[in-house]
Amino acid sequence: MKQIREISQKIDPYSLRLRLTIAVTAVSALSLGSLAIWTSWKMQELLINNHKQNVEEIAQRLPRDVQLYSGMMPSITGLQKAINNLTITNTFLWVKTPNNQVIVKSNNWQQLPNETATELISLGEMSQKPQVKKLDKRYFVIRSGVLPLRDRGLSKLFVVKDVTREQTTFLAMVRNLGIGSVLAVVAISLLAAFYIRQALQPLRQLNQMTSVISITDLGQAKLYLENAPSEVKELAQTFNMMLSRLFQSWEQERQFVSNVSHELRTPLTIVHGYLQSVLRRQNNLTPTQQEALETAAAEAERTIRLLQDLLDLARADSGYLQFQMEICVLNDLIVEVVGMAEKYSDRQITVESTTNRVEAKADYNRLKQVLLNLIDNAVKYSDADTPITIKLHQQEQEAIIQICDQGYGIPLQHQARIFERFYRLDEARSSSTGGSGLGLSIVKTLVESMGGSVTVRSRVATDRQTKSLTQGSTFTITLPIH
Ligand code: ADP
């Protein structure tokens, strides 16, 4: 029962395979069924119909014979004579008066068992057309009719032929034909299901090949199927052309972002420099002018950072981002990063680290950039009175750095998406922090390029007033030791 439920759950009612199999089964059932019905009908004609004709002929001829003899002899004797003349093997005749008394019957009744003979004789009015009737495990073609007798009035004539052998053969053939047809339909369906599965295999292969193509291998991706039908090969060809168009447009977009970022960054850096120097000198500036210049400088700095991030991502995408991989002492790196972050944000950052040296293979500056990014987020997305902790430890062959805050947290449905480019949740909350939504995608790109991984675990407090220790986010970076 459980297995049947599992199988039925696995069957996809919309799959091409199921639909084609059902269609083949339906067509074969329909054609084999029609063939079986036609054969049965033909067989019945061959086996039974000539007996029906026989019976009909006798029933039509008897009244004429009786009329002929009745001129020469008493009517009952003439009737008996006519019946005797027309009686052939397995055919039984009898005549009943209107009050159901048998007056004459053929002389071969001893061929029938007594009970059958009694049942036949007791039959009342029957159809005027020959019909097959089962009596006492035997089959008979029966036809009745009216026979006008001179001194007995309108009597009833019965003509019966025993067709037990033919009818049994016919029924056995119909049964065998039925069983044969059902077995043939089952066999055809199984064969069809198997064949259709094989025929659809190239499509499944195509699907698998396409599903593993990622943006990074778009340029080299080529779909090729060796023994596939021409239609599927054509489809693969079309896919290949589409992939190459996608690659070209992806390349153009990347190039565009890279060029624009590069072109904008240089003049903006110069503007920022001038703004800074004017602000430093502060000659004759009114408070309004000073505020305006400070805003302009902050915006310019934010835009330079955004352009730098875009440039880094574009370079990482095209594989041009250079990494100086070396063995870094993470304990020292974290102390340095915390020092920088504290200066910049005025927030207390606690370090929880093992006393042992923890080393990892990474690019020192890039890893610093990653940690600063994550600390910056922890600062931005938590209240000023909540602690930020950096933990460091080693687990087997991996170094693990965790940046924990007790801030607002990230709802579960956003956790998988925050590493996407430009993805920011809760615009109202994020806009005040001045981010661009690129920070975490840079973190992920850099960490993965160094052979590590980054994950997030976060909890949102339902009641903002109750700040518990379980509330907040923890970003975990895992780096290989060697
Ligand atoms: P942004 O420049 O907006 O900070 P990020 O890529 O760094 O962009 O982060 C993406 C989004 O993830 C942010 O907009 C923020 O909503 C959320 N986020 C990141 N870090 C944290 C954190 N420590 N606590 C809560 N939310 C966070």
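Numbering of residues starts from 1 in every chain and runs along the sequence as written. Where totals are concerned, whole chains, interfaces and linings use all residues; where local detail is concerned, this predicted model gives features only for residues with pLDDT of at least 70, and gives and counts side-chain atom pairs only at 80 or more. Working from all heavy atoms in the structure, the side-chain values ignore hydrogens and water.

Angles shown run from 0 to 180 degrees and are taken between the N-to-C directions of axes, each axis being a line fitted to C-alpha atoms and, for helices, limited to the stretch in contact. For helices the rule is a DSSP run of H or I covering at least 4 residues; for strands it is a run of E covering at least 2, with both sets numbered from the N terminus onward. Taken N-terminus to C-terminus, the directions of helix H2 (residues 16-70) and helix H5 (residues 164-211) make an angle of 165°; their axes are 9 Å apart at the nearest point. Judged on the interaxial angle alone, H5 and H2 are roughly antiparallel. The two elements H2 and H5 meet at a crossing, and its hand is right-handed. For the contact of H2 with H5, a count of residues per class yields 20 nonpolar, 10 polar and three charged. An angle below 35 degrees is treated as roughly parallel, one above 145 as roughly antiparallel, one from 65 to 115 as roughly perpendicular, and anything else as oblique. The sense of a crossing depends on the near helix, which, turned anticlockwise from the far helix by less than a right angle, makes the crossing left-handed and, turned clockwise, makes it right-handed. Lys, Arg, Asp and Glu make up the charged group, whereas Ala, Val, Leu, Ile, Met, Phe, Trp, Tyr, Cys and Pro make up the nonpolar group; the residues left over, Gly among them, are polar.

For two strands to be treated as a pair, DSSP must find no fewer than two bridges joining them. Within the open sheet, the five strands sit side by side as S7-S9-S10-S12-S11. Their pairing is mixed. Looking along the sheet, the strands with just one partner apiece sit at the ends: strand S7 (349-353) and strand S11 (453-459). Direction aside, neighbouring strands of the sheet carry axes that sit 15° apart on average. Relative to strand S12 (residues 472-480), S11 runs antiparallel, the two sharing seven bridges. By the bridge assignment, Ser453 is partnered in S12 with Thr478. Across the sheet, helix H9 (residues 364-380) is in contact with S7, strand S9 (388-395), strand S10 (398-405) and S12; its angle to S10 comes to roughly 25°. Here a residue-residue contact requires only that any non-hydrogen atoms of the pair lie within 4.5 Å. Sheet contacts for helix H12 (residues 439-449): S11 and S12; angle to S11, the most-contacted strand, approximately 140°.

Buried Ala, Val, Leu, Ile, Met, Phe, Trp, Tyr and Cys residues that are joined via side-chain atoms within 4.5 Å together make up what is termed a nonpolar core. Relative accessibility decides the category of a residue: with a 1.4 Å probe and only protein chains considered, values under 20% of the type maximum give buried, values over 50% give exposed, and everything between is partly exposed. Leu330, Ile401, Ile403, Ile418 and Ile477 are the most contacted members of the largest nonpolar core, which totals 44 residues. Sequence-distant contacts of Ile403, defined by excluding residues within four places in its chain, comprise Leu371, Leu374, Ile375, Ala378, Thr389, Ile390, Ser473, Thr474, Phe475 and Ile477. Grouped together as the second largest cluster of nonpolar side chains are 21 residues, Val55, Ala59, Val104 and Leu157 included.

Time to look at the site of the ligand. Definition of nearness: a residue and a molecule or strand are near each other if at least one heavy atom of the residue lies within 4 Å of the molecule or strand. Taken together, 20 residues surround the ligand, and among them Asn377, Tyr381, Arg424, Ser436 and Leu440 come closest. Any pair of nitrogen or oxygen atoms within 3.5 Å is treated as a polar contact; in protein, a donor-acceptor pairing is required on top of that, and neighbouring residues in sequence qualify only through side-chain atoms on both sides. Interatomic distance of 2.8 Å between a backbone N/O atom of Ser436 and an oxygen atom of the ligand. Here an oxygen atom of the ligand sits 2.8 Å away from a polar atom, N or O, in the main chain of Leu440. Burial of the ligand by the protein amounts to 98% of the accessible area it has alone, namely 530 Å². Only the protein chains shown count as cover for residues, with accessible areas throughout obtained via the Shrake-Rupley method and a probe of 1.4 Å.

With that out of the way, let us pick up the packing of helix H8 (residues 330-345) against H9. At a minimum axis separation of 10 Å, H8 and H9 run at an interaxial angle of 45°. One way to sum up the angle between H8 and H9 is to call them oblique. For the pair H8 and H9, the sense of crossing is right-handed. Note on element contacts: H9 touches H8 through Tyr364, Leu367, Lys368, Leu371, Leu372, Ile375, Asp376 and Val379, opposite Leu330, Asp332, Leu333, Ile334, Glu336, Val337, Met340, Ala341, Tyr344 and Ser345.

Only Phe, Tyr and Trp rings are paired, with Trp represented by its six-membered ring, and only when their centres lie within 6.5 Å; those with planes under 30 degrees apart are stacked, over 60 edge-to-face, the remainder tilted. The full count for this structure, using the stated rule, is four aromatic pairs. Judged by centre distance (5.5 Å) and plane angle (50°), the ring pair of Phe92 and Trp109 falls under tilted. In this pair, Phe92 sits in strand S1 (residues 91-96) while Trp109 sits in the loop between strand S2 (102-105) and helix H4 (114-121), placing the two residues 17 residues apart along the sequence. According to the relative accessible area criterion, Phe92 is buried, its value standing at 1%. The buried category is assigned to Trp109, whose relative accessible area is 8%. Every member of this aromatic cluster is reached through a ring pair, and the members are Phe92, Trp94, Trp109 and Phe158.

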